[in-house]
Amino acid sequence: MSSLVKETLKQPISHLPLYMRSFRLDVIYNDDMAPDDERREVLEGAFTELEDALRLGFFCWDRFSTRETAEVHVAWSDEGNMSVAVSSEGVHHNALVAAIRIVARLHHTSQEGYEAMRALLGEDADALSLPTSFRQNVASLEISDVTAAEQGEAAATDVLNFTAEGISFPAFAALRDEVNENYTGDRLIVTSSAGQDFPAGDLDEVEDCFLSLFGSGVFTSISNLDSDIPDNEAEIFTRQHNGQVELLFGDYGDQKYGMLEFLNVVAGGRIANLNVRSESDG
């Protein structure tokens, strides 16, 4: 399924900066496929959520301290094409990957989701609009206005998958190494170092943001566009244990990279300072 997106991609340089001050995505639609006002609102809302995420520290890593400088603007041309401009004192390359995945998800009808909706509608299923693929909707997806936060940095050429370059990992074996490797294991118990509170402060806000990104498919491989995103909203909660706040974090399957992003924001950009263990370890 990722080939549908690759066919449309245009990027100015093969090796993009690891940290960027700016980038822009231009979505050029096929004839008669430009979104109407209702669809525009959905798209604009998704990128408002991305801006919220960047300002909380998602996709910032070593530039976590500059997170609040992030801005995301959506504009529409007279022809109905969309441009998404991201600017910041420095966002990680994976912010670009996230933006591209949002574009892909919101311009492709999930086959699983379509069939589920037909089943739900029953006798009224014929009233449902036919599904459309990303390629039917989008003629080209162009990356432009890329500005490096620092000279000499270059990330992987792949803009559809997250890179581990520049990413920190907690001292927990199942969450180390490859960012796209599926996490399979028990629920995690996470505590801050030295018995302190989590630096993020408002954990509910971070959780809501993570679940929004999770639900939009940002952390799911773009090769799975025809698969529905599972609903795991009950898998994160906190509790008091031995005078310390513990964060319990569920198994999110192929959302391993999303788990790392969430934990880094919870840790105030210092994910390596978190104590992480499996619930089965006690």
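To be clear, the structure that these remarks concern was listed above.
Residues numbered from 1 in each chain as written. Predicted model: local features only at pLDDT ≥ 70, side-chain atom pairs only at ≥ 80, totals over all residues. Heavy atoms only, no water.

**Quick word on the overall build of the protein chain**
Scanning the protein chain from N- to C-terminus turns up seven helices and nine strands. Of all 282 residues assigned to the protein chain, the portion counted as buried reaches 46%. The long-range share in the protein chain, meaning contacts at least 24 apart out of those at least 6 apart in sequence, stands at 77%. Accessible surface for the protein chain amounts to roughly 13,000 Å². Of this, 43% is attributable to carbon and sulfur atoms. (Helix = DSSP H or I, 4+ residues; strand = E, 2+ residues; numbered from the N terminus. Buried < 20%, exposed > 50% of the residue type's maximum accessible area, 1.4 Å probe, protein only. Contact = heavy atoms within 4.5 Å. Areas by Shrake-Rupley, 256 points an atom, 1.4 Å probe, with all protein chains shown as cover.)

**Some remarks on the pairing of strand S2 (residues 19-29)**
Of all 11 residues in S2, eight are buried; the element is thus mostly enclosed. In this sheet, strand S4 (residues 82-92) lies alongside S2 in antiparallel orientation, the contact comprising eight bridges. Looking at the pairing, Val 27 lines up with Met 82 of S4. With eight bridges joining them, S2 and strand S5 (residues 138-148) adopt antiparallel strand pairing. Bridge pairing in S5 links Met 20 to Ala 148. (Pairing = 2+ DSSP bridges.)

**With respect to the sheet that holds S4**
Pairing in this open sheet of five strands is mixed, and the strands run S1-S5-S2-S4-S3 from one edge to the other. Both outer strands of the open sheet, strand S1 (9-10) and strand S3 (71-76), are each paired with one neighbouring strand and no more. Of the pairings in the sheet, the one linking S3 to S4 comprises six bridges and is antiparallel in character. Across the sheet, the residue bridging to His 73 is Ala 85, located in S4. Where helix H2 (residues 37-56) meets the sheet, its contacts fall on S2, S3 and S4, and the angle it forms with S3 comes to roughly 165 degrees. Packed on one face of the sheet, helix H3 (residues 93-105) meets S1, S2, S4 and S5 and runs near 15 degrees to S2. (Axes fitted to C-alpha atoms, helices over the stretch in contact; angles between N-to-C directions.)

**Let's talk about H3**
In a regular helix each residue adds 1.5 Å, so 13 residues correspond to 18 Å; H3 covers 19 Å between its end C-alpha atoms and thus fits that length. Burial analysis of H3 places 13 of its 13 residues in the buried class, which makes it a mostly covered element. (Expected span 1.5 Å × (residues − 1).)

**As for the side chain of Thr 191**
Assignment of secondary structure puts Thr 191 in strand S6 (residues 188-191). Setting aside its immediate chain neighbours within four residues, Thr 191 contacts Phe 198, Gln 244, Val 245, Glu 246, Leu 274 and Asn 275.

**Considering the packing of H2 against helix H6 (residues 203-215)**
Between H2 and H6, the least distance of the axes is 10 Å, while the angle of their chain directions is 135 degrees. The pairing of H2 with H6 is recorded here as oblique in orientation. At the point where H2 passes H6, the crossing takes the left-handed sense. Within the contact between the two elements, H2 uses Glu 49, Asp 52, Ala 53 and Leu 56 and H6 uses Glu 205, Val 206, Cys 209, Ser 212 and Leu 213. Residues belonging to the contact of H2 with H6 are distributed by class as follows: five nonpolar, one polar and three charged. (Parallel < 35°, antiparallel > 145°, perpendicular 65-115°, else oblique. Left-handed = near helix turned anticlockwise from the far one by under 90°. Nonpolar A, V, L, I, M, F, W, Y, C, P; charged D, E, K, R; others polar.)

**What about the packing of aromatic side chains?**
The full count for this structure, using the stated rule, is 11 aromatic pairs. Ring centres of Phe 210 and Phe 219 lie 5.8 Å apart, and the angle between their planes is 25 degrees; this geometry places the pair in the stacked category. Summarising the burial analysis for this pair, Phe 210 and Phe 219 share the class buried. Taken together, a centroid distance of 5.7 Å and an interplanar angle of 50 degrees make the contact between Phe 210 and Phe 249 tilted. Placement of the pair is Phe 210 in helix H6 and Phe 249 in strand S8 (residues 244-249), with a sequence separation of 39 residues. Owing to a relative accessible area of 0%, Phe 210 belongs among the buried residues under this scheme. (Phe/Tyr/Trp six-rings, centres within 6.5 Å; stacked < 30°, edge-to-face > 60°.)

**Regarding the nonpolar core**
Phe 58, Phe 59 and Ile 100 are the most contacted members of the largest nonpolar core, which has 79 residues in total. Top contributing element to this core by residue count: H3, with nine residues. (Core = buried A, V, L, I, M, F, W, Y, C linked by side-chain atoms within 4.5 Å.)

**What about the pattern of salt bridges?**
This structure, assessed with the given rule, holds eight salt bridges. Arg 55 is the salt-bridge partner of Glu 51, the closest N and O atoms lying 3.8 Å from each other. Of this pair, Glu 51 and Arg 55 both sit in helix H2, four residues apart, which is roughly one turn of that helix. Residue classification places Glu 51 among the buried residues on the basis of a relative accessible area of 14%. Look at Arg 55 and you get partly exposed, because its relative accessible area is 34%. Salt bridges sharing common partners tie together Arg 24, Asp 26 and Asp 145. (Salt bridge = Lys/Arg side-chain N within 4 Å of Asp/Glu carboxyl O.)

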